[in-house]
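# A look at the structure
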Amino acid sequence: MTTGPCEKKAARGRRRYLPSVERKREILDAALIEFSNHGYAAATMERIAARAGLSKAGIYAHYKSKDEVFEDLLETALSPSVKADGILPPEAGAPLAEIVSSYVDQMYDRLGEPIVMATFQLLIAESRREPALIRRWYDKMLEPRRLREQAVVDEYVRRGTMRSSALTGHFMLAASPLVMWIVQRMLRQDDDVPMPLEQVREAHKQLLLDVLEPR
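A quick note: this is a predicted structure, and the numbers were derived from the prediction, not measured.

As a further point, take the overall build of the protein. Secondary structure assignment for the protein yields 11 helices and zero strands. When the 215 residues of the protein are sorted by exposure, 39% land in the buried category. Taking the contacts inside the protein whose residues are at least 6 apart along the sequence as the reference set, 69% of them involve residues at least 24 apart. Entry remark: accessible area of the protein is about 12400 Å², with carbon and sulfur atoms responsible for 57%.

Here it is, written out as structure tokens:
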């Protein structure tokens, strides 16, 4: 038995139900492709919706604007496992090795996923084309987190958990080994990097322990 044109059209029009979180992930996957292929300015909500298999009304049920899609893409891909209050455990009395391990692992845990590196590349490209957009995202998402983490580090120093140093005074520098690896990975465009990611992770932990351990 063959399927007629009307039945085919109806089948195409039916979309499977997905929870909001999963539907948003499909939208963000589609947005990453559109932003990467066309740039943020040229990408449209209509094209993102079509690539995600949604109507225009369907995408607006989840996002109010292209800005909102872009910001959620950056937040989801670049800090997917980070707790809202930051990546440093604030519990009093936590040993330094546990603090360092938690901090490093949460940064590294999803770096092997293609969406993460692709979003880093998008972020670098759009920082030149759309500096105001990137600055707004930084001010809204990253700067408050940086200030919270710095306050936690200041408290660790006060308690004697960490040794006071240039690193604790400017704790954003603690991510430097990972940033260096990401830059090398993007420049080489393949897996031929001087150190495998897991080796960098362990060296990163040891480096922080060496610098932060109270004397």
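Taking 1.5 Å per residue, 29 residues should reach 42 Å; helix H8 (residues 131–159) reaches 40 Å between its end C-alpha atoms and fits that length. Remark: the principal bend of H8, roughly 40 degrees, maps to Asp139. Every buried residue belonging to H8 is among Leu133, Ile134, Trp137, Arg145, Glu149, Gln150, Val152, Val153 and Tyr156, and all of these are buried. Looking at the buried residues of H8, the elements they touch are helix H5 (66–78), helix H6 (96–108), helix H7 (114–129) and helix H9 (166–169). Of the residues trailing H8, Gly160 is marked for its positive phi of about 90 degrees.

Once that is clear, we can look at the nonpolar core. Judged by nonpolar contacts, the single largest core of 55 residues is most densely connected at Phe35, Phe70, Tyr103, Leu111, Ile182, Leu208 and Leu212. Ranked by residues supplied to this core, first place goes to H6 with seven residues. In this structure Ile182 touches Leu111, Met117 and Phe120, once residues within four positions along its chain are discounted.

One way to put it is that helix H2 (residues 20–38) packs onto H5 with a least axis distance of 10 Å and a crossing angle of 100 degrees. Classed by the angle they form, the pair H2 and H5 counts as roughly perpendicular. Two secondary-structure elements touch here, H2 through Lys24, Leu28, Ala31, Leu32 and Phe35 and H5 through Lys66, Val69, Phe70, Asp72, Leu73 and Thr76. Its residues assigned to classes, the contact of H2 with H5 shows seven nonpolar, one polar and three charged.

Applying the stated criterion across every chain yields a total of 19 salt bridges. A salt bridge links Arg51 to Glu34; its shortest N-O distance comes to 2.7 Å. Of this pair, Arg51 sits in helix H3 (residues 45–51) while Glu34 sits in helix H2, placing them 17 residues apart in sequence. Of the charged contacts in the structure, one is a salt bridge between Arg158 and Glu155, with a shortest N-O distance of 2.6 Å.

Right, let's get into the environment of Arg129. Mapping Arg129 onto the fold places it in helix H7. Linking Arg129 and Ala41, residues 88 residues apart in sequence, is a C-alpha distance of 8.4 Å. In terms of polar contacts, Arg129 uses its side chain to reach the side chain of Glu126, at 2.6 Å.

The next point concerns the environment of Arg146. Mapped onto the elements, Arg146 comes out in helix H8. C-alpha of Arg146 to C-alpha of Met172: the two residues are 26 residues apart in sequence and 6.9 Å apart in space. In this structure, Arg146 is in contact with Tyr138 and Met172, ignoring residues within four places of it in sequence. Looking at Arg146, its side chain comes within polar contact range of the side chain of Glu143, at 2.7 Å.

On to the confidence of the model for the protein. When pLDDT is averaged along the protein, the result is 84; 84% of the residues meet or exceed 70. Element-level mean pLDDT values for the protein span from 43 in helix H1 (residues 5–13) up to 97 in H9. pLDDT under 50 marks residues 1–14. Its contacts with residues more than four places away, or in other chains, come to one contact. Residue range residues 80–85 is modelled with pLDDT below 50. Its contacts to residues more than four positions away, or to other chains, number 10 contacts.

Turning next to H6. Residues separated by three or four positions in an α-helix point in the same direction, a consequence of the helix having 3.6 residues per turn. The end-to-end C-alpha distance of H6 is 18 Å, a good match for the 18 Å that 13 residues give at a rise of 1.5 Å each. Among all positions of H6, only Leu96, Ile99, Val100, Tyr103, Val104, Gln106, Met107 and Tyr108 are buried. Buried-residue contacts for H6 involve H8, helix H10 (176–188) and helix H11 (197–212).

Cut-off values and rules
- Residues numbered from 1 in each chain as written.
- Predicted model: local features only at pLDDT ≥ 70, side-chain atom pairs only at ≥ 80, totals over all residues.
- Heavy atoms only, no water.
- Helix = DSSP H or I, 4+ residues; strand = E, 2+ residues; numbered from the N terminus.
- Buried < 20%, exposed > 50% of the residue type's maximum accessible area, 1.4 Å probe, protein only.
- Contact = heavy atoms within 4.5 Å.
- Areas by Shrake-Rupley, 256 points an atom, 1.4 Å probe, with all protein chains shown as cover.
- Expected span 1.5 Å × (residues − 1).
- Bend = angle between axes of the 7 residues up to and from the residue.
- Core = buried A, V, L, I, M, F, W, Y, C linked by side-chain atoms within 4.5 Å.
- Axes fitted to C-alpha atoms, helices over the stretch in contact; angles between N-to-C directions.
- Parallel < 35°, antiparallel > 145°, perpendicular 65-115°, else oblique.
- Nonpolar A, V, L, I, M, F, W, Y, C, P; charged D, E, K, R; others polar.
- Salt bridge = Lys/Arg side-chain N within 4 Å of Asp/Glu carboxyl O.
- Polar contact = N/O pair within 3.5 Å; in protein donor to acceptor, adjacent residues only side chain to side chain.
- pLDDT = per-residue confidence, 0-100.

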